[in-house]
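Given next are the chains, with one letter for each unit.
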Amino acid sequence: MQGITDPTTLEFLERQQRADFWNNAAQWGYTAWYIGFAFAVLLLLLYVIIPSESYDEVLRPRGFLGRFSRFRASIMHFGAVLLLVLCAITQQTQVDQTRGFAADQDKRYEAEIKKLTATGNREAAMKAQYMYLPNGNSLLYISLGNPSIAADYMWLTSQQYVVNSQRRGQKFEMLLRFYNTVMELDPHWTEAAINGGKVLSALEPNRYAVEKFYSGAIFDNPGNIDLPYEAGRLFVVPPLNLELRKEYAKHATDWFSLVIDLLNKRPQSKERDSRIKGVRDLIGRMAVETDAYGLAAELLWDDMHDQNVSKALRQMYARDWLNARSLLIASALQKRVDEYRASHFFAPLHLGSIIQSLKSEKNLFLDFDHETPKDAFGFAIKYDPRTGKVASHGVQAKLAIQAAAIVNSIIATTYMQYNSGAPPKDLVELQQFVDKFFSIQGNEPTSAITNAIGMELNVIVSPFGTPWKYNATTGKVETPPECNPKTLFRNADLLVPDN
Amino acid sequence: MIVGAIAMNTFREAVRDKILYVLLAFGVLMILVSRAIGWVSYGGSEKIMTDVGLTAIWIFSGMVSIFIGTGLIYKEIDKRTIYTILAKPAQRWQFLAGKYLGLLITTLVNLVFLSTAFLLYLWICGAPVTIALLQALFLTFIEMMVVTAIAIFFSSASTPILSAIFTTIIFFTGQMTKWVVELGASVKQTAPWVEKILYACYLFLPNLHNFNIRQQAVLATQENVMIASSEMFNCVMYGLAYTMAVLLAAHLIFRRRNF
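Residues numbered from 1 in each chain as written. Chains lettered and ligands numbered in written order. Predicted model: local features only at pLDDT ≥ 70, side-chain atom pairs only at ≥ 80, totals over all residues.

1. With respect to the overall build of chain A
When you go through chain A residue by residue, the secondary structure sums to 22 helices and 4 strands. Relative to its full complement of 499 residues, chain A shows a buried share of 29%. A separation of at least 24 residues holds for 57% of the contacts in chain A among residues at least 6 apart in sequence. (Helix = DSSP H or I, 4+ residues; strand = E, 2+ residues; numbered from the N terminus. Buried ≥ 20, exposed ≤ 12 C-beta atoms within 10 Å, placed from the backbone. Contact = placed C-beta atoms within 7 Å.)

2. What to know about the overall build of chain B
In terms of helices and strands, chain B carries 11 helices and 0 strands. Ordering the α and β elements of chain B from the N terminus gives α-α-α-α-α-α-α-α-α-α-α. Of the contacts formed within chain B by residues at least 6 apart in sequence, a portion of 81% connects residues at least 24 apart.

3. Topic: the environment of A:Ile401
Residues and elements named next belong to chain A. Mapped onto the secondary structure, Ile401 falls in helix α18 (residues 393-418). Residue Ile401 is classed as partly exposed on the basis of its C-beta count, with 17 C-beta atoms lying within 10 Å. Sequence separation between Ile401 and Pro480 is 79 residues, and the spatial gap between their C-alpha atoms is 9.6 Å. The residues touching Ile401, leaving out its near neighbours within four places in the chain, are Thr479, Cys483 and Pro485.

4. Some remarks on helix α1 (residues 2-15) of chain B
Residue and element names in this part refer to chain B. With 14 residues, α1 extends 20 Å between its outermost C-alpha atoms, agreeing within 8% with the 20 Å of an ideal straight helix rising 1.5 Å per residue. The complete set of buried residues in α1 reads Ile6, Ala7, Thr10 and Ala14. Angular distribution of buried residues about the axis of α1 spans 100°; they occupy a single face of the element. (Expected span 1.5 Å × (residues − 1). Arc of directions from axis to C-beta.)

5. As for the interface of chain A and chain B
Many authors give the size of an interface as the accessible area that is lost as the parts come together. Each partner contributes residues to the interface: chain A has 17 residues there, and chain B has 19 residues. For the side of chain A that touches chain B, the secondary structure elements donating two or more residues are α8 (147-168) and α10 (190-203) of chain A. With 7 residues, α8(A) is the single largest residue contributor to the side of chain A that touches chain B. Split into classes, the residues belonging to the side of chain A that touches chain B amount to 8 nonpolar, 6 polar and 3 charged. (Nonpolar A, V, L, I, M, F, W, Y, C, P; charged D, E, K, R; others polar.)

6. A closer look at the packing of helix α3 (residues 45-78) of chain B against helix α5 (residues 92-125) of chain B
Residue and element names in this part refer to chain B. The geometry of α3 relative to α5 is characterised by a closest axis approach of 10 Å and an angle of 160° between their N-to-C directions. As summarised for this structure, α3 and α5 are arranged roughly antiparallel, according to the angle between their axes. Judged by the sense of rotation from one axis to the other, the crossing of α3 with α5 is right-handed. Between α3 and α5, the residues in contact are Met49, Thr50, Gly53, Ile57, Phe60, Ser61, Val64, Ser65, Ile68, Gly69, Leu72 and Ile73 and Lys99, Leu103, Thr106, Thr107, Asn110, Leu111, Leu114, Ser115, Phe118, Leu122 and Cys125, respectively. (Axes fitted to C-alpha atoms, helices over the stretch in contact; angles between N-to-C directions. Parallel < 35°, antiparallel > 145°, perpendicular 65-115°, else oblique. Left-handed = near helix turned anticlockwise from the far one by under 90°.)

7. Observations concerning the confidence of the model for chain B
Close inspection of predicted coordinates is inappropriate in any region flagged by low pLDDT. The predicted model of chain B has a mean per-residue pLDDT of 87, with 100% of residues at 70 or higher. Scored as a complex, the prediction yields pTM 0.67 and ipTM 0.84. (pLDDT = per-residue confidence, 0-100.)

8. Describing unusual backbone geometry
A negative phi holds for most residues other than glycine; trans holds for most peptide bonds. Residue and element names in this part refer to chain A. At Leu144, a position not held by glycine, the phi torsion is positive, near 55°. For Leu144, a count of 21 C-beta atoms within 10 Å gives the class buried. Notably, Leu457 is not glycine yet its phi reads approximately 55°, a positive angle. Note on placement: Leu457 falls in the loop between α20 (447-453) and β3 (469-471). The class of Leu457 is partly exposed, set by 18 C-beta atoms lying within 10 Å.

9. Some thoughts on the environment of B:Leu114
All names here are of chain B. Following the sequence through the fold, Leu114 ends up in helix α5. The class of Leu114 is buried, set by 25 C-beta atoms lying within 10 Å. Separated by 60 residues in sequence, Leu114 and Leu54 place their C-alpha atoms 9.5 Å apart. Look past the residues within four positions of Leu114 in its chain and what remains in contact with it is Gly27, Val28, Ile57, Phe60 and Ser61.

10. Some details on the confidence of the model for chain A
Looking at chain A as a whole, its pLDDT mean stands at 82, while 86% of the residues score no less than 70. Ranking the helices and strands of chain A by mean pLDDT puts helix α12 (residues 226-233) of chain A first, with 92, and helix α1 (residues 2-5) of chain A last, with 50.

11. Re the packing of α5(B) against helix α6 (residues 131-155) of chain B
All names here are of chain B. Look at α5 against α6: their axes get within 10 Å of each other, and the N-to-C directions meet at 150°. Considering the angle they form, α5 stands roughly antiparallel to α6. When the axes of α5 and α6 are compared, the crossing they make is right-handed. Residues Leu96, Lys99, Tyr100, Leu103, Leu104, Thr107, Leu108, Leu111, Ser115 and Leu119 of α5 form the contact with α6, whose own contacting residues are Leu133, Leu137, Thr140, Phe141, Met144, Met145, Thr148, Ala149 and Ile152. Here the contact of α5 with α6 is built from residues that sort into 14 nonpolar, 4 polar and 1 charged.

12. Overview of helix α13 (residues 245-264) of chain A
Residues and elements named next belong to chain A. With 20 residues, α13 extends 28 Å between its outermost C-alpha atoms, agreeing within 8% with the 28 Å of an ideal straight helix rising 1.5 Å per residue. If you check which residues of α13 are buried, you get Tyr248, Ala249, His251, Ala252, Thr253, Trp255, Phe256 and Val259. Of the surrounding elements, those touching the buried residues of α13 are α11 (207-220), α12 and α14 (270-289).

13. Description of the nonpolar core
A:Val182, A:Val407 and B:Ile152 are the most contacted members of the largest nonpolar core, which has 156 residues in total. If one sorts the elements of this core by residue count, α6(B) sits on top with 16 residues. Of the residues that make up this core, three or more belong to each of domain 2 (135-294) and domain 3 (395-491) of chain A. Leave out the neighbours within four places in its chain, and B:Ile152 touches B:Gly69, B:Leu72, B:Ile73, B:Leu96, B:Lys99, B:Tyr100, B:Leu103, B:Leu247 and B:Ala250. (Core = buried A, V, L, I, M, F, W, Y, C linked by C-beta atoms within 7 Å. Domains from an automatic or database assignment.)

14. Quick look at the environment of A:Glu482
Residue and element names in this part refer to chain A. Relative to the assigned elements, Glu482 resides in the loop between β4 (476-478) and α21 (485-488). Using a count of 18 C-beta atoms within 10 Å as the deciding quantity, one classes Glu482 as partly exposed. A C-alpha to C-alpha distance of 8.2 Å links Glu482 and Gly394, two positions 88 residues apart in sequence. Apart from the residues within four sequence positions on either side, Glu482 is in contact with Phe379, Ala397, Thr487 and Leu488.

If you want it as structure tokens, here you go:
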């Protein structure tokens, strides 16, 4: 913007030159118009004064003007045409003055919508936008019963809408209606449904509205595998609101289970099996979020022992399995502790009796051999008789690795940038900065951040429940030795050895 | 023999008509442009290409049938050339049948030309070319059979401009006959007799929507399946029956007409 107003810049000079050119052109235009008008009037005047015949009744020449009588009709036509053209130009100028040039009309329409939106009259703004959006039925009539071509038109218009709205910096309230119309016209155009859903998932903050769109398409195309798969993928990305995480995972798992069902109905092939495997993997990961640790552990156990997949991938499955199994153990113990507390009104002093009762259950993943249970990572299960809370140290360590990475990243990339490269002197100072920084509009924390340090953005207390050990010199929080991935996942290496 | 001779002459006459080439050129242009429309789309470009191509073939074949067909018989009467034909041992029905077949051959040649260009273009662009597309094109030809018969019917009774207007109206309304029934159902409570009239209109008007399997063909192409032959058979039989009925009605008017 500075370049436009600063007279020393090249940009300013260029703009000035352009403006001068058009000013000159406008001046010349007016001059030309008046010359043309005068010429047309002259021609019409000539038509009046030139006699229609060169000679009179007795064949005497009718003076000087009489010589031009044969051009009389042409003079009149030329003059009239010129006058009418000038009239048309005048009218066009009037139209341009009131409406602007054709290219400006779209901008004016946008400006009008922006103005309406700014007034807060949402309904009026929506109405202005909807005005040019026909419904599916009318398009069906207009296209003479060719819904497929009408759907194509609607699909292309929706893309134009996305681009225009993006340019206006507006939201995409109408996008869902566009896509619903496309699907109404051509319900089996699954490619549009999938692509539309992808666009919606990126632009529409309400996942459930997008899911509803997918549900409609799935209803019309019950055998299609890609639609429920995409519907499930909607919920794989964790929500900003962690309270919804479990619900999201449940939705994802439900859709992926439908995909597995549909795939199982297909004839066996290498492609089908590989796809089932991929979806099962996703279900396994999602199941942890929905507290279905048993299912997650079961699926990951199978994946871990699948010789058809690469060793690196199997090792990854093994690490996830350690996490799922540890959570399964902790949750089973927690359930028993809660039951004990409900009947005795206090939590047990130790887990001995609970472990005895669990031993009698034939659960593949809970075959304890020791009085002090261990999680799958090999750490003793943590139990606090005062609160009655059971936790897996391994799971906490895994969370601590992620949380430490996020806290260190906040210090290095955000805090130090705002503090002339100096790290915070302590974590209280960092916490104050974090609270202030992420409360500014546009600085909302990403899901990776909320997942690691929680919705309350706590950078003081680690997932172990104790304060982080902070090194003010390096500007980093330090994790305990068990947070070293090599140590933490040593059991995974035993399950799927390197060689 | 006589019918064949008249048909061949009608075909020769039609291919000399410049409007045929103009329509063909526009048809081919639209097929070529379909690729560009597909380009600007986020996904589904092949589907859009196929949709636009099939619709272009349908609309331009319809225009050929209407614009050439509606003037055929009137021109013969207007230029008095019909006397030279009917003075020979040729019946009026033979003249009518010959004219119809000649126009049908023209429509077929036009359709084959456009279809070849369309399928070739799809193949060059790497889009799937399937039997289902051929089925859709075949039913388009059957539809043109009906439209041509209607054009001949009006041409035998009226002037070219009126015939073109009437045939175009029937061509368009024929695509929307199912909505005539829906319209009747919506006024069933308030005016039951209107519903009956509309239903009669539905039965009487050619149901050209029957021949529109373009959407199913595109879907079948995506899924690489064919459209059921029983469905095709019913449509073809309907087309043949309606064509015969219209041609007979045209003959009924034409046999009593004084020139």
